[in-house]
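Structural characterization, general
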Amino acid sequence: AQTVTQSQPEMSVQEAETVTLSCTYDTSENNYYLFWYKQPPSRQMILVIRQEAYKQQNATENRFSVNFQKAAKSFSLKISDSQLGDTAMYFCGTRERAQKLVFGQGTRLTINP
Amino acid sequence: GAVVSQHPSWVICKSGTSVKIECRSLDFQATTMFWYRQFPKQSLMLMATSNEGSKATYEQGVEKDKFLINHASLTLSTLTVTSAHPEDSSFYICSAWLAGGYEQYFGPGTRLTVT
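All of the points below concern the structure found in this document. These numbers come from a predicted model, not from an experiment.

**Focus on the side chain of B:Q6**
Residue and element names in this part refer to chain B. As for its placement among the helices and strands, Q6 is situated in strand β1 (residues 4–7). Reaching out from Q6, the side chain makes a polar contact with the backbone oxygen of Y92 at a distance of 3.1 Å. For Q6, the side chain forms a polar contact with the main-chain nitrogen of G109, separated by 3.0 Å. Other than its neighbours up to four places away in sequence, Q6 contacts I21, E22, C23, W35, Y92, I93, C94, G107, P108, G109 and T110.

The structure is reproduced here in structure tokens:
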């Protein structure tokens, strides 16, 4: 069974700083997908970034980038030039071929002005 | 991007009654939909996976007779909480998977309060 672990329950940084959120996972599959979702106070889940496991190149989306270490089963999210609107819960998730998306415990990120 | 709606956004019901939550994919056909439950300050826990036209697959520990899921069409899945009790109070979120794609699209969630 796939499992996802986020070891940082809460993080807090100043606006414009860079922050890295950690995520480790376990899966028996060789083909899978990794995701970071953001859940702001509205509670609407928003996709931040995704990574296909077969791709070696780390995914990037504007200020968001990942450090994907397949052998270590690690998938961290880096947010550069953090903004107040980045304040939210962040969930790391994996989806195997069975299509079931499983999330970690979440990290509450606060960006301070 | 694809849009998923949920109705109602907030519902209050009395203990012992049943309540139905609808999840619709508005601009795409979803062969697979998922139902999650989220307690305050916690993660999303997958309850079940529903495929159009077939019975839902429930996660271990989820009572299938209590949480009835119907996926009658490619754009609609419903979750019925039967004989609701206060411990069923939670935030329920559905998501839909666009076949052939990578992403699951999430609805805005439904807050259920059982009094």
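**Observations concerning the interface of chain B and chain A**
Opposite the 22 residues of chain B that make contact, chain A presents 20 residues. Here chain B and chain A share an interface that buries about 1,800 Å² over both sides, 52% of which is from carbon and sulfur atoms. The interface formed by chain B and chain A includes one salt bridge. Residue B:E59 is joined to A:K100 by a salt bridge in which the shortest nitrogen-to-oxygen separation is 3.2 Å. Put simply, chain B and chain A have seven residue pairs in polar contact (both at pLDDT 80 or more) between them.

**Overview of the pattern of salt bridges**
The full count for this structure, using the stated rule, is seven salt bridges over all chains. Close ionic contact of A:D86 with A:R63 constitutes a salt bridge, the shortest N to O distance being 2.8 Å. With A:D86 in the loop between β9 (74–79) and β10 (88–96) and A:R63 in the loop between β7 (60–61) and β8 (64–69), this residue pair connects regions lying 23 residues apart in the sequence. Summarising the burial analysis for this pair, A:D86 and A:R63 share the class buried. Between B:K66 and B:D88 there is a salt bridge whose closest N-O contact spans 3.0 Å. In this pair, B:K66 is assigned in the loop between β6 (57–58) and β7 (67–73) and B:D88 in the loop between β8 (76–81) and β9 (90–98), connecting sequence segments 22 residues apart. The class for B:D88 is buried, based on a relative accessible area of 4%.

**Some remarks on the environment of B:T82**
All names here are of chain B. Mapped onto the fold, T82 is located in the loop between β8 and β9. Classification of T82 by relative accessible area gives buried; the value is 18%. Note: C-alpha distance between T82 and I21 (61 residues apart in sequence) is 11 Å. Residues within four places of T82 in sequence aside, it is in contact with T17, S18, D65, K66 and L68.

**Some points on the environment of B:E103**
Tracing the chain through its elements places B:E103 in the loop between β9 and β10 (104–106). With a relative accessible area of 18%, B:E103 lands in the buried category. Setting aside anything within four residues of it in sequence, one finds B:E103 in contact with A:F35, A:Y37, A:L47, B:A96, B:W97 and B:L98.

The rules behind these values
- Residues numbered from 1 in each chain as written.
- Chains lettered and ligands numbered in written order.
- Predicted model: local features only at pLDDT ≥ 70, side-chain atom pairs only at ≥ 80, totals over all residues.
- Heavy atoms only, no water.
- Helix = DSSP H or I, 4+ residues; strand = E, 2+ residues; numbered from the N terminus.
- Polar contact = N/O pair within 3.5 Å; in protein donor to acceptor, adjacent residues only side chain to side chain.
- Contact = heavy atoms within 4.5 Å.
- Buried area = accessible area lost by both parts, 1.4 Å probe.
- Salt bridge = Lys/Arg side-chain N within 4 Å of Asp/Glu carboxyl O.
- Buried < 20%, exposed > 50% of the residue type's maximum accessible area, 1.4 Å probe, protein only.

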